[in-house]
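# Secondary and tertiary structure notes
The residues making up each chain are set out below.
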Amino acid sequence: STFTAPSGTSAAAGGALFNLSNLVSKDFPGHRFTATCAGCHAKDGRDLKYFGFSNLSIEVRAQYHGMSPSEARDTAAYIR
């Protein structure tokens, strides 16, 4: 409950990214997956919030899966 959305972000854009954006893995450069964040997490990301993942951890993992820093911040805003 102590985390707040990162400043200068769009939770609406983050929700679209979380539910619709095809991911990549740095372990397989150039390959896009048909998976989305919501494919492994609860559709609304409540598991990330419930287990207390920090904004930074969400942002780092989102970037690992091919999101830009700005998109990653929007995704963290959506979770908040």
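Before reading further, recall that the structure is shown in the block above.
Residues numbered from 1 in each chain as written. Predicted model: local features only at pLDDT ≥ 70, side-chain atom pairs only at ≥ 80, totals over all residues. Heavy atoms only, no water.

On to the overall build of the protein chain, then. Counting secondary structure elements, the protein chain contains five helices and zero strands. Helices and strands appear in the protein chain in the N-to-C order α-α-α-α-α. Taking 12 Å as the expected radius of gyration for a compact globule of 80 residues, we find that the protein chain reaches 12 Å, a close match to that expectation. On the principal axes, the C-alpha backbone points of the protein chain span a range of 35 × 25 × 20 Å. Looking at the protein chain residue by residue over its 80 residues, the buried ones come to 35%. Relative to all contacts within the protein chain whose residues are 6 or more apart in sequence, the contacts with residues 24 or more apart total 61%. Counting only carbon and sulfur atoms, one obtains 58% of the accessible surface of the protein chain, whose full area is about 5000 Å². (Helix = DSSP H or I, 4+ residues; strand = E, 2+ residues; numbered from the N terminus. Rg over C-alpha atoms; globule rule 2.2 N^0.38 Å. Buried < 20%, exposed > 50% of the residue type's maximum accessible area, 1.4 Å probe, protein only. Contact = heavy atoms within 4.5 Å. Areas by Shrake-Rupley, 256 points an atom, 1.4 Å probe, with all protein chains shown as cover.)

Quick look at the nonpolar core now. Core analysis: the largest hydrophobic core is formed by twelve residues, namely Leu 17, Phe 18, Leu 23, Cys 37, Ala 38, Leu 48, Ile 58, Ala 62, Met 67, Ala 72, Ala 76 and Ile 79. Those elements that place two or more of their residues in this core are α1 (11-20), α2 (37-40), α4 (55-64) and α5 (69-79). Ranked by residues supplied to this core, first place goes to α5 with three residues. Among residues more than four places away in sequence, those in contact with Ala 76 are Pro 6, Asn 55, Ile 58 and Glu 59. (Core = buried A, V, L, I, M, F, W, Y, C linked by side-chain atoms within 4.5 Å.)

A side chain of one charge can pair with a side chain of the opposite charge if their charged atoms are brought near each other. Applying the stated rule across the entire model yields one salt bridge. Between Asp 44 and Arg 46 there is a salt bridge, and its shortest N-O distance comes to 2.9 Å. Classification of Arg 46 as exposed rests on a relative accessible area of 54%. (Salt bridge = Lys/Arg side-chain N within 4 Å of Asp/Glu carboxyl O.)

This brings us to the packing of α4 against α5. Relative orientation and spacing of two packed helices are given, respectively, by the angle between their axes and the distance between those axes. The contact between α4 and α5 brings their axes to 8 Å, and the two run at 135°. Considered as vectors, α4 and α5 are oriented oblique to each other. Pair α4 / α5 crosses with right-handed handedness. For the pair α4 and α5, the contacting residues are Asn 55, Ile 58, Glu 59, Ala 62 and Gln 63 in the first and Pro 69, Ala 72, Arg 73, Thr 75, Ala 76 and Ile 79 in the second. (Axes fitted to C-alpha atoms, helices over the stretch in contact; angles between N-to-C directions. Parallel < 35°, antiparallel > 145°, perpendicular 65-115°, else oblique. Left-handed = near helix turned anticlockwise from the far one by under 90°.)

All chains considered together, the criterion is met by zero disulfides. This cysteine, Cys 37, is not joined by any disulfide, and Cys 40 carries the nearest cysteine sulfur, 8.6 Å off. (Disulfide = S-S within 2.5 Å.)

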